[in-house]
Amino acid sequence: MKLTYERELILKALEDNLSAEESRRLQSLFEASPKLKEEYNDLLNTQQMIAWAKYDSFKPYFADRVLKRLRGETDSIFSDDFYISLVHNFYRLAFTVLLLVMLLGSYNIFSADNTSNDQPVIESVIALPPMSVINTNTTILNYKVFNNENTN
Amino acid sequence: MSESHNPSDKELLERIRNKDEGAFRLLIERYESQVAATVLGMLGNRADAEDIGQEIFIRFYKSIEQFRGESSLGTYLTRIAINLSLNELKRRERKNRRFLFIGDHEEKEQLFQSGETDELEQKELRELIQEAINKLKPEFKAVVILRMIQDYSTNETAEILNIPIGTVLSRYSRAIDKLKILLTPYIKNHEINL
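Residues numbered from 1 in each chain as written. Chains lettered and ligands numbered in written order. Predicted model: local features only at pLDDT ≥ 70, side-chain atom pairs only at ≥ 80, totals over all residues. Heavy atoms only, no water.

Caption draft 1: Region of interest: the interface of chain A and chain B. At the junction of the two partners, chain A supplies 35 residues and chain B supplies 52 residues. In total, about 4300 Å² of surface goes out of reach between chain A and chain B, with carbon and sulfur atoms giving 67% of it. A per-residue breakdown of the area chain A buries against chain B is headed by Met49, Trp52 and Tyr55 of chain A, which together make up 20% of the total. Where chain A meets chain B, there are five salt bridges. We note a salt bridge from Arg71 of chain A to Glu21 of chain B, for which the minimum N-O separation is 2.5 Å. In this assembly, chain A and chain B are joined by 14 residue pairs in polar contact (both at pLDDT 80 or more). (Contact = heavy atoms within 4.5 Å. Buried area = accessible area lost by both parts, 1.4 Å probe. Salt bridge = Lys/Arg side-chain N within 4 Å of Asp/Glu carboxyl O. Polar contact = N/O pair within 3.5 Å; in protein donor to acceptor, adjacent residues only side chain to side chain.)

Written as structure tokens, this is what we have:
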């Protein structure tokens, strides 16, 4: 919206920002048009009314509430840091444990009894002794024989 | 000695950078009225307006290193206040689009037209003036707050809002016309202790 020259002068006057020359011009415009002068007075009153109505403070103890909130956020930032650090350390620990388990599994496979070729890999990994139904029966039989011999 | 009782902004900033909570409290107390005038003017005297007021100081504290002193501290805080208030107004507008309540709005409208100004207490009058400001669009409201309430010049207002001077003048002209229409009954009929 393009402002008229009169309007610009009025706005400058409201801001109390007229040069001496502009002030003289506005004065002569007011003399020529009382309506313009009335308009200026209405705008000036409106401006003063708005300025009068301003709120200039929050509720009492505002600074206390800001500081309390800030402390809360700082604590929360600390908690976040702690949580992130905890998660990070957990990942490192989990990786290390996984690596150890893999190493142990590999060791078990390579050190397993090669004579029992039919032993499943998983049993080798967790280092179970070679075991089958026949082997189990043989083991039990041997155990009984051994016990009987000892009893006799 | 007097410096320690009433430290300059520069001293306060230095102390705040060194995590001096007392200095930050002083800064809040020093600029509370300026920030309150902006935020409460933009958003009205509501509980969420104080939240924005708190947010302004907290943001400033957290990003204090970004303040290089190119403008005064008051102007810097006012700029943050205006930006956060405009964001809040946008948020409210979005919310209002979803939940449109018009009852309270209509009641105030009737009050404006009733002409019963002599019976209004000054507190109520203040609320009515705030209601008139609230009728302005956010970009006009920002100009009114900076020019009329904070008493910034047209140039300073343009700088804070990052808009041309001509735009400030144009918005100011339209805003004050609308406010004049809304407030004229009170200007003529009600005595205010100016």
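Caption draft 2: Region of interest: the environment of Lys10 of chain B. Residue and element names in this part refer to chain B. Its location among the elements puts Lys10 in helix α2 (residues 9-17). Look at Lys10 and you get exposed, because its relative accessible area is 68%. Residues Lys10 and Gly69, 59 residues apart in the sequence, show an inter-C-alpha distance of 8.8 Å. (Helix = DSSP H or I, 4+ residues; strand = E, 2+ residues; numbered from the N terminus. Buried < 20%, exposed > 50% of the residue type's maximum accessible area, 1.4 Å probe, protein only.)

Caption draft 3: The arrangement of empty space enclosed by the protein in detail. Counted by the stated rule, this structure contains one cavity of 30 Å³ or more. Estimated volume of the largest cavity: approximately 30 Å³. Lining the largest cavity we find Ile50, Ala53, Lys54 and Tyr55 of chain A together with Ala37, Gly41, Gln130, Ile133 and Ile149 of chain B. For the lining of the largest cavity, the secondary-structure elements that each account for two or more residues are α3 (21-43) and α7 (122-134) of chain B. (1 Å grid on protein atoms, 1.4 Å probe; cavity = no way out; pocket = protein on both sides within 12 Å on 5 of 7 lines; lining within 4 Å. Points joined across faces, edges and corners; volume = space filled by probe spheres on them.)

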